[in-house]
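Each chain, written out:
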Amino acid sequence: MRRTLSSRYQSLRLPPARRWAAALGCLLGIALPVSAETLVKIGSVAPLTGPQAHLGRDNDNGVRLAVEQANARGVTLGGATVRFEVVSEDDQADPKTATIVAQKLIDAGVVAVVGHLNSGTTIPASKRYHEAGLAQISPSATAIAYTAQGYANAFRVMANDSQQGGALGRFAVESLKAQRIAIVDDRTAYGQGLADEFEKAARAAGGNIVGREYTTDRATDFTAILTSLKGRGPDVIFFGGMDAQGAPIARQMLALGLRATLMSGDGLQSTEFLKLAGRAAEGVIASTPGLPPAKMPGGEAFRRDFVAKYGVIQNYAPYAYDATNTLIAAMEQADSSEPARIVASLRGIRRDGVTGPLAFDNRGDILGGAVTLYRVTGGQWQVLEAPPPLPTPEAPPGPGAVFVQQLINGLTVGALYALVALGYTMVYGILGLINFAHGEVVMMGAMIAVSVVAALTGVLPGAWALAAGIGVAAVACMALAASIERIAYRPLRNAPRLAPLITAIGVSIVLQNAAMLVWGRQYRTIPETLDNTPFNLAGAAVSPLQLLILAGTAIVLAALWWLVHRTRLGRAMRATSQNRDAARLMGVDTDAVIRATFVIGAGLGAFAGVMVSAYYGLAHYYMGFMLGLKAFAAAVLGGIGNLGGAVLGGVVLGVIESFGAGYIGWLTGGFLGSHYQDVFAFLVLIAVLVLRPSGLLGSKGADRA
């Protein structure tokens, strides 16, 4: 405790130079001017990296604007002028990280904290702040459990999940007249809590819940879940989660021909959702606790000041701004920045904020929290004035059609894995090296293509813009792979096998961070350049993009087989694969062959990256990690070093994931959710390796490339 108190009051001491000057002045009897300004630190915590970084920055900027304005007008506490300073921390939307950064803020001497953004991070961190006696005001955490802990220092400035979920559930049944409702949540404290409250209110209003599915807050593939729900014929699907997952859900609903109305809470009601979901956002309904910006007492002035300094408002910035100003008002009311006095002042504070009147009940919840419903109309969030009509219901597809749909979904995902796995298996066939940087090369292809297509959309026809994106990405990734091979791998060709493996991991980290610096931490979406309206096949919806992925994989495999078995380069590849030294003695330029193998694999990876970003609707700087891991598993499953095995392994893996995610909830009575789909795939991989270590097709020397 002594260390915590010492660090807390560190900000009240004079800087070292001032202390020496003051001491010297005392010794010499000289009166040196010493500033009476006192530094007061306010903590700000939100996810500043990862898929929710846009929301985290939004919160952090709201805090900074409030502090900047307070410093400009001047605040005195205890007769001394104070200067507020924001200490920002990134909790990455991760509960474990949240507790670590909470302790960092305590050690840094903050007097109060605005945060965290997510309920799943706010709740575990609140224990640390409670132990330290620091006031914590969350601008966006809505889980009931946060203030139900009984901590006197915990507050929030927006309505909780009981208020929001209840309003949404009643609206779905009583206003929309939904007959069949399905629910999906991301298993976070926020997503699950909101979905639970929605379900409770919908059932109480007489609603019929036809299905409940689970995913994660990092997932991007929801086709199996949506296919399973489509078979139950919902007219409303409620999603408890954030916009980074809600956007691909909306896009994949459109691709599957699922005509249900998508509903959600404040996690979806953001500007970023509109950008990520594209035309699939039209008709989506979401809520936000609080008044519409146009009806907020200080909404217009805040919008003007915030937009001028930080750009577009995503969602929670006004609430972070109000939370910060409420903390500062509590300090002024207590005439102190002592944490205990701030907490006591907050318990009885009454003030008018930008978002409306601010006062807290005995649990720390805002009194009289309003909830506003919005609907996407014309590509913009509009306040929902009257209930819109639901789409005309369709007869749900039968079990056979659902089976066919899951099979098509699995084949599509498997084809994507296969395209990436071919890059792994080609390099391994030549060098016996697992190029773990290949997943990041695929990611770079996706990010480059997204930028190119975005720049050319409107300049070239859609198909030509996409083709240009693929071409530029392929050339760039080929050049990148050639450079990596020459700089990172060739000098270690005769080194122990562990050395190039460690180098490959290092290269992947470098590429991931380079992409983060160039493109940022947020999700990016590739513009919709093609008409992806699905058509019916045996009761299943098949999109043109799925056909492109399946046909592209088949063409690539045929072209590689021809290259390996019918060309001079292919013969050189096979010779190098069999015995590099013997091939060199026979006049084969093995360095050129190895370089060509890396280059060809990177070109395939670039195409795969573009298809992945187009299929899921998203691209981000760390997408290569899991994609690369799945593709490596596919290569091993099929028989690494075997081209046909890479494709077979990818397809098997994709089909297992699709059927596992689609049917596990039904098979277990809802005990297990689709978020276990990765577990199914890797369990099968382990079983195959135990029973057949060489994989399904083995590693035939004649097929190695």
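Values in this document were obtained by computation on a predicted structure and should not be read as measured data.

What counts, and where the lines are drawn
Residues numbered from 1 in each chain as written. Predicted model: local features only at pLDDT ≥ 70, side-chain atom pairs only at ≥ 80, totals over all residues. Heavy atoms only, no water. Pairing = 2+ DSSP bridges. Helix = DSSP H or I, 4+ residues; strand = E, 2+ residues; numbered from the N terminus. Axes fitted to C-alpha atoms, helices over the stretch in contact; angles between N-to-C directions. Domains from an automatic or database assignment. Contact = heavy atoms within 4.5 Å. Buried area = accessible area lost by both parts, 1.4 Å probe. Expected span 1.5 Å × (residues − 1). Buried < 20%, exposed > 50% of the residue type's maximum accessible area, 1.4 Å probe, protein only. Core = buried A, V, L, I, M, F, W, Y, C linked by side-chain atoms within 4.5 Å. 1 Å grid on protein atoms, 1.4 Å probe; cavity = no way out; pocket = protein on both sides within 12 Å on 5 of 7 lines; lining within 4 Å. Points joined across faces, edges and corners; volume = space filled by probe spheres on them. Nonpolar A, V, L, I, M, F, W, Y, C, P; charged D, E, K, R; others polar. Phe/Tyr/Trp six-rings, centres within 6.5 Å; stacked < 30°, edge-to-face > 60°.

> Describe the sheet that holds strand β15 (residues 380–383), listing the residues and the values that go with them.
If you walk across this open sheet you meet the seven strands as β8-β7-β9-β10-β11-β14-β15, and the pairing is mixed. The strands lining the two open edges of the sheet, one partner per strand, are β8 (209–214) and β15. Averaged over all adjacent pairs, the angle separating strand axes in this sheet is 25°, with direction ignored. The sheet contact formed by strand β14 (residues 371–377) and β15 spans four bridges and is antiparallel. Bridged to R375 within β15 is Q382.

> Which residues make up the domain arrangement of the protein, and what values go with them?
Taken domain by domain, the protein consists of domain 1 (5–159 + 295–365), domain 2 (162–289 + 373–383) and domain 3 (399–527 + 539–704). Domain 2 and domain 3 are separated by 32 Å when their C-alpha centres are compared. With 26 residues of domain 2 in contact, the opposing surface of domain 3 contributes 27 residues. Buried area between domain 2 and domain 3, both sides added, is near 2100 Å², and the carbon and sulfur share of it is 55%.

> So what's going on with helix α15 (residues 399–431)? Which residues, and what values?
With 33 residues, α15 extends 47 Å from end C-alpha to end C-alpha; this agrees with the ideal 48 Å at 1.5 Å per step. For α15, the tally of buried residues reaches 26 of 33 residues, placing the bulk of the element in the interior. One or two positions beyond α15, positive phi appears at G432, with a value near 70°.

> Give me the lowdown on unusual backbone geometry, citing residues and values where you can.
Of all residues except glycine, most have a negative phi; of all peptide bonds, most are trans. Residue H116 is reached from G115 by a cis peptide bond, and omega for that bond is 0°. Tracing the backbone through its elements, the reader meets H116 in the loop between β4 (112–114) and α5 (119–132). A positive phi angle, near 60°, is found at Q92, a position not held by glycine. Locating Q92 in the fold gives a position in the loop between β3 (80–90) and α4 (95–108). Phi at R187 takes a positive value of approximately 65°, unusual for a residue other than glycine. Inspection of the secondary structure puts R187 in the loop between β7 (181–185) and α8 (189–204).

> Kindly report on the nonpolar core, identifying the contributing residues and their values.
In globular proteins that are soluble, nonpolar side chains generally tend to be buried together. If you look at the biggest cluster of nonpolar residues, it comprises 85 residues, and the most contacted ones within it are L422, Y489, L560, F598, V610 and M611. If one sorts the elements of this core by residue count, helix α22 (residues 590–616) sits on top with 15 residues. The residues contacting V610, other than those within four sequence positions of it, are G445, A446, A449, L466, I470, A473 and I526. V86, A202, I285 and F360 belong to the second largest nonpolar core, which has 65 residues in total.

> So what's going on with empty space enclosed by the protein? Residues and values would help.
Vacant regions in the atomic arrangement are exposed by a probe of water-molecule size rolled over the atoms. Under the defined criterion, the tally for this structure stands at six cavities of 30 Å³ or more. Along its surface, the largest cavity is lined by 20 residues, and R251, N532, L545, A614 and Y615 are the ones closest to its centre. Listing elements by their share of the lining of the largest cavity, those giving two or more residues are α10 (243–255), α19 (544–566) and α22. The element that contributes the greatest number of residues to the lining of the largest cavity is α10, accounting for four residues. Residue classes in the lining of the largest cavity are distributed as ten nonpolar, seven polar and three charged. Both domain 2 (162–289 + 373–383) and domain 3 (399–527 + 539–704) contribute no fewer than three residues apiece to the lining of the largest cavity. In this model, the second largest cavity occupies a volume close to 70 Å³.

> Describe the packing of aromatic side chains, with residues and values.
A complete count under the given rule lists 13 aromatic pairs for this structure. The interplanar angle of 35° and the centroid separation of 5.4 Å between the aromatic rings of Y489 and F598 together place this pair among those described as tilted. Linking Y489 in helix α17 (residues 462–489) with F598 in helix α22, this pair joins segments that are 109 residues apart in sequence. Put simply, the rings of F302, F306, Y310 and Y321 touch in pairs and so form one group of aromatic residues.

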